[in-house]
Amino acid sequence: MLALLKNPFRQSNLIIAAILVLALLIGAAMPIYAGMMDDQIAKLAALPAMLLFAILLLYDRKLTLTLIILVRAGGDNILELTRFSLGGYQIGVGGLINAAVILISIMLMLERPKTLSKNVVVVWSVFLLLSLYGILVSPAKPEALRSWLALLSYFSIFSSAFHFINNKEDFRFCVKLALFSSALPVLYSFIDIALNHGQGGEEGFRLRSTFSHPNVLAFYLTLIIPMTFYILKSMPVGKNGLTRLFLGCYLFLLLGLLILTKTRSAWIACVITFALYGVFFERRYLVYMVVLGVVALFIPGVADRLSDLGSGNEVVTYGKLNSFAWRVYIWESAWHWAGPSHYLQGYGLQSFKELSIVFFPSAGKLKWGAHSVYVQLLFEMGLLGVGIFLYLYVQVLREFRKLFSFDRLAGFFLVLVVLNFLICAFSDNMLDYLSFNWYLWFILGAGCAFVQTHAAPVRAQAAPFAAQG
């Protein structure tokens, strides 16, 4: 303090003074903040958590992003508790973390520019620009802006993954990081089962663990299961016996949790994963699948979920539709209502949910999502949006095709991750599941960066020959 008084204009003294002023301001504001948060512990903890997060962000951007990826899968329920209303808008720690992810990607690129997958980045940029136009024409602009920022965060996660990858071991580290993120959801699943089993609705108990809905957990598992299988199968035979045993048991546990979500599209994606692996690598897995499929039919709820599709397929007065028939009904309603003038560019981001109370006869006063990425994009962004969206994944698959020349197993599982997403996107609001999309695009970014690291030495070797020519 004496040094501060003697020479108040030294840089270190100014920093200390700024910290003291900030501490005094925070202390003075705490009673007001506590009143705004209704003295709820989760909301009161939000401010200290944000300050610690800001300090960590200044200390090490890459470490901050690593920690986010490690724990984000377990954060949906906790982050929901930190939300509060300010000026009619919902604000919470989750939104600030989203903003931080975008900021981190910008800072990483400015600090150490990396060569990204050019074709993928170009298509991503076009998709984001078209989505930006979708905000301008949207009938729900605040929701449309939040949706666009979520899409921007997916791209940010994708581009940030390139800063983790310099070789194959780095790629495996990224896959393991995604795998480690499943620890919190898996552990909490046992608590969810103990507390909520028998309390489900008409569909019975559906496991959701740390996520906002059982479907989100299911789609997250369609990503984690192939990655776990990749790590297991890429390990040297005869070595790391205990690790292999643990991963094998963990894989069965993940499959059990997937069954408890009762999400049929995720089941289909998982069956395709192991079926294609059996066809291209080890045929005995086809036999394992048949045996496990028969066993699964004896698990309570599984047969009911499958047989549910055989009834409730017609729209009748006071009749109850099954979940797929209900989806078809809302898709048809949207298609019949939409005018040809909007087929090319759509009605704007988040317009499907906003206008569902107009075109969907069974909407009542609720706003319904499309429950299909393709229908949602066709309605909101038109044929242009659907085309660019699909072309984005075509470009990703083209990158992964290059992997087959030097890491066939990695290429196979990354292609399956993309196919699983495209399958599940047919019947659910996949673009709205932020935490799932972060893990998806982190893995896809790591895969594309893995391709780049292998291509760089090849280009370097080819350069002298090109110069001679």
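Located above this text is the structure these notes cover.
Per chain, residue numbering runs from 1 following the sequence as it is written. For a predicted model such as this one, the threshold for reporting local features is a pLDDT of at least 70, and the threshold for listing and counting side-chain atom pairs is 80 or more; totals across whole chains, interfaces and linings nevertheless cover every residue. As a convention, hydrogens and water are excluded, and side-chain values are obtained from all of the structure's heavy atoms.

Before we move on, could you go through the packing of helix H17 (residues 323–337) against helix H18 (residues 351–359) and cite the residues and values that matter?
Remark: H17 packs on H18, axes separated minimally by 10 Å, with the N-to-C direction vectors making an angle of 85°. In terms of orientation, H17 and H18 fall into the roughly perpendicular class. Of the residues in H18, those in contact with Ile330, Ser333, Ala334 and Trp337 of H17 are Phe352, Leu355, Val358 and Phe359. Among the residues making up the contact of H17 with H18, the classes are represented as seven nonpolar, one polar and no charged. To obtain an axis, a line is fitted to C-alpha atoms, over the contacting stretch when the element is a helix, and the angle between two such axes runs from 0 to 180 degrees between their N-to-C directions. Note on conventions: DSSP H or I runs of at least 4 residues are helices, E runs of at least 2 residues are strands, and numbering of each starts at the N terminus. Comment on the angle field: the value is read as roughly parallel under 35 degrees, roughly antiparallel over 145, roughly perpendicular from 65 to 115, and oblique elsewhere. Throughout, a contact is declared for two residues whenever any of their heavy atoms are within 4.5 Å. Gly falls in the polar group here, along with every residue not listed as nonpolar (Ala, Val, Leu, Ile, Met, Phe, Trp, Tyr, Cys, Pro) or charged (Asp, Glu, Lys, Arg).

Please give an account of empty space enclosed by the protein that cites residues and values.
Cavity means a closed set of points on a 1 Å grid over the protein atoms alone, one where a 1.4 Å probe fits but cannot get out, pocket means an open set with protein on both sides within 12 Å along at least 5 of 7 lines, and lining means a residue has an atom within 4 Å of a point. Grid points are joined across faces, edges and corners, and a volume is the space filled by probe spheres set on the points. Across all of its chains, the model carries four cavities of 30 Å³ or more by this definition. Along its surface, the largest cavity is lined by Gln350, Phe352, Lys353, Gly369, Ala370, Gln376, Glu380, Asn429 and Asp432. Contributions of two or more residues to the lining of the largest cavity are made by H18 and helix H19 (373–401). For the lining of the largest cavity, the per-class residue count stands at two nonpolar, four polar and three charged. Estimates place the volume of the second largest cavity at around 50 Å³. Of all elements in the fold, only helix H5 (61–71) and helix H21 (434–468) reach the threshold of two or more residues within the lining of the second largest cavity. A per-element tally of the lining of the second largest cavity places H21 first, with three residues.

Report on the nonpolar core, specifying residues and quantitative values.
By size, the foremost hydrophobic cluster in this structure holds 114 residues, and its most contacted members are Trp124 and Trp441. Setting aside chain neighbours within four positions, we find Trp441 in contact with Trp124, Tyr154, Ile157, Phe158, Leu392, Tyr393 and Val396. What makes a nonpolar core is a set of buried Ala, Val, Leu, Ile, Met, Phe, Trp, Tyr and Cys residues whose side-chain atoms join them at distances within 4.5 Å. For every residue, the accessible area obtained with a 1.4 Å probe (protein chains only) is divided by the maximum for its type, and the residue is called buried under 20%, exposed over 50%, and partly exposed between those limits. Trp331, Phe360, Ala370 and Phe379 belong to the second-largest nonpolar core, a separate cluster that totals 14 residues.

Can you lay out helix H13 (residues 241–261) for me, pointing to particular residues and giving the numbers?
By definition here, a helix of n residues has an expected span of 1.5 Å times n minus one. With 21 residues, H13 extends 31 Å between its outermost C-alpha atoms, agreeing within 8% with the 30 Å of an ideal straight helix rising 1.5 Å per residue. All buried positions along H13 are accounted for by Leu247, Gly248, Tyr250, Leu251, Leu254, Leu255, Leu257, Leu258 and Thr261. Against the buried residues of H13 lie helix H10 (168–180), helix H11 (183–196), helix H12 (214–233) and helix H14 (264–280). In the stretch just after H13, Lys262 is the one whose phi turns positive, near 60°.

Give a description of the environment of Leu377 that names residues and reports values.
The residue Leu377 is located in helix H19 in this model. On the basis of relative accessibility, which here comes to 2%, the residue Leu377 falls in the buried class. For the pair Leu377 and Phe352, spaced 25 residues apart in sequence, the C-alpha separation works out to 9.0 Å. Apart from residues no more than four positions distant in its own chain, Leu377 is found in contact with Phe127, Gly382, Gly385, Val386, Phe389 and Leu431.

Which residues make up a nonpolar patch on the surface, and what are the values?
Nonpolar side chains collect at one region of the surface, where Phe252, Val287, Tyr288, Val291, Leu292 and Val295 lie side by side and expose about 570 Å² of accessible area between them. Looking at which element gives the most residues to the nonpolar patch, the answer is helix H15 (residues 284–297), with five residues. Tracing the backbone shows Tyr288 in helix H15. Here a patch means residues that are over 30% exposed by relative accessible area and free of salt bridges, tied together within 9 Å if like-charged and within 5 Å if nonpolar (Val, Leu, Ile, Met, Phe, Trp, Tyr). Exposure was quantified through the Shrake-Rupley algorithm and a 1.4 Å probe, taking into account, for residues, occlusion by the shown protein chains and nothing else. When a carboxyl oxygen of Asp or Glu is within 4 Å of a side-chain nitrogen of Lys or Arg, the pair counts as a salt bridge.

Read these as geometric descriptors, not functional statements.
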